[in-house]
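Below, each chain spelled out in residue letters.
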Amino acid sequence: MNCKKDDFAIVVRSEAGNEGKTLTCLQLFPAGHDDIDISLGPIWETDRNDILFLQFGCVGYGRFIPDSFVRPIRDQPGNEAFVTEARNKLKGKTEITERGELRV
C-alpha cells in the first residue's frame with residue numbers, strides 16, 4: 001500500500017490526466033470496487049469529485065482512484081512546514097511538468 005487512511009496525497013500516475021492533483025484518501029476498498037479494473041488493485045475513495053476516469057470506452061468523473069496511482073505527502077520530522085505549505089497551496093492546484101517536476 002502506498003497510502004493510509006486520511007493521508008494527503010498526490011496523483012503520480014493516470015491514464016486520464018489526473019497527474020498532479022492532490023487529494024485525501026478517505027476509505028480503502030478492495031480491488032474491483034466501483035467497477036474499476038481489478039488489475040489496478042485496491043481503490044481509495046477520495047475527497048474529490050473530479051477524478052477523471054476512462055473505462056469501457058467511456059469518460060467520466062468520480063471519487064475513486066487506485067492506490068497504485070497515488071503517493072502520500074506525510075509529515076516527517078523536520079518537514080512540517082513543507083507539509084503545511086503543501087496542504088495550503090497545492091490542494092487541487094498542481095501540475096506535473098514534462099520533466100516530472102511539481103509546478104504550483
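Residues numbered from 1 in each chain as written. Predicted model: local features only at pLDDT ≥ 70, side-chain atom pairs only at ≥ 80, totals over all residues. Heavy atoms only, no water.

Q: I keep staring at the sheet that holds strand E1 (residues 8–11) and nothing clicks. Help me out?
A: Adjacent strands of a sheet pair through backbone hydrogen bonds, lying either parallel or antiparallel. Strands sit in the order E6-E3-E2-E1-E7 across an open sheet of 5 strands; the sheet is antiparallel. Only two strands of the sheet have a single neighbouring strand rather than two, namely strand E6 (64–66) and strand E7 (70–73). Pairwise comparison of adjacent strand axes, ignoring direction, gives a mean angle of 50° for this sheet. Two elements, E1 and E7, share 4 bridges in a ladder whose sense is antiparallel. Across the sheet, Val 11 pairs through a bridge with Val 70, a residue of E7. (Pairing = 2+ DSSP bridges. Helix = DSSP H or I, 4+ residues; strand = E, 2+ residues; numbered from the N terminus. Axes fitted to C-alpha atoms, helices over the stretch in contact; angles between N-to-C directions.)

Q: Hey, could you run me through the environment of Gly 32 in this one?
A: With respect to the helices and strands, Gly 32 occurs in the loop between strand E2 (22–29) and strand E3 (43–46). A sequence separation of 10 residues divides Gly 32 from Pro 42, and the C-alpha atoms of the two residues are 7.5 Å apart. Not counting the four nearest positions on each side in its chain, Gly 32 is found in contact with Ile 38 and Gly 41. (Contact = heavy atoms within 4.5 Å.)

Q: In this structure, what is going on with the pattern of salt bridges? I would like to understand it.
A: Think of it this way: side chains of opposite charge can pair up when their charged atoms draw near. Evaluation of the coordinates by the stated rule reveals 3 salt bridges. The partner of Glu 45 in a salt bridge is Arg 63, and the shortest N-O contact between them spans 3.3 Å. With a gap of 18 residues between them, Glu 45 in strand E3 and Arg 63 in the loop between strand E5 (58–62) and E6 connect regions that are remote in the sequence. For Arg 48, the salt bridge is made with Asp 50, and the minimal N-O distance between the two is 2.7 Å. (Salt bridge = Lys/Arg side-chain N within 4 Å of Asp/Glu carboxyl O.)

Q: Even after reading the chapter, I still don't get the environment of Val 59, so can you show me in this structure?
A: With respect to the helices and strands, Val 59 occurs in strand E5. Val 59 sits in the exposed class, given a relative accessible area of 59%. Those residues in contact with Val 59, other than ones at most four positions away along the chain, are Leu 52, Phe 53 and Leu 54. (Buried < 20%, exposed > 50% of the residue type's maximum accessible area, 1.4 Å probe, protein only.)

Q: Would you take a moment to explain the nonpolar core for this structure?
A: Considering soluble globular proteins, one finds that nonpolar side chains tend to be buried as a cluster. Grouped together as the largest cluster of nonpolar side chains are 10 residues: Cys 3, Ala 9, Val 11, Leu 23, Cys 25, Trp 44, Ile 51, Ile 65, Phe 69 and Val 70. Listed by contribution, the elements that provide at least two residues to this core are E1 and E2. (Core = buried A, V, L, I, M, F, W, Y, C linked by side-chain atoms within 4.5 Å.)

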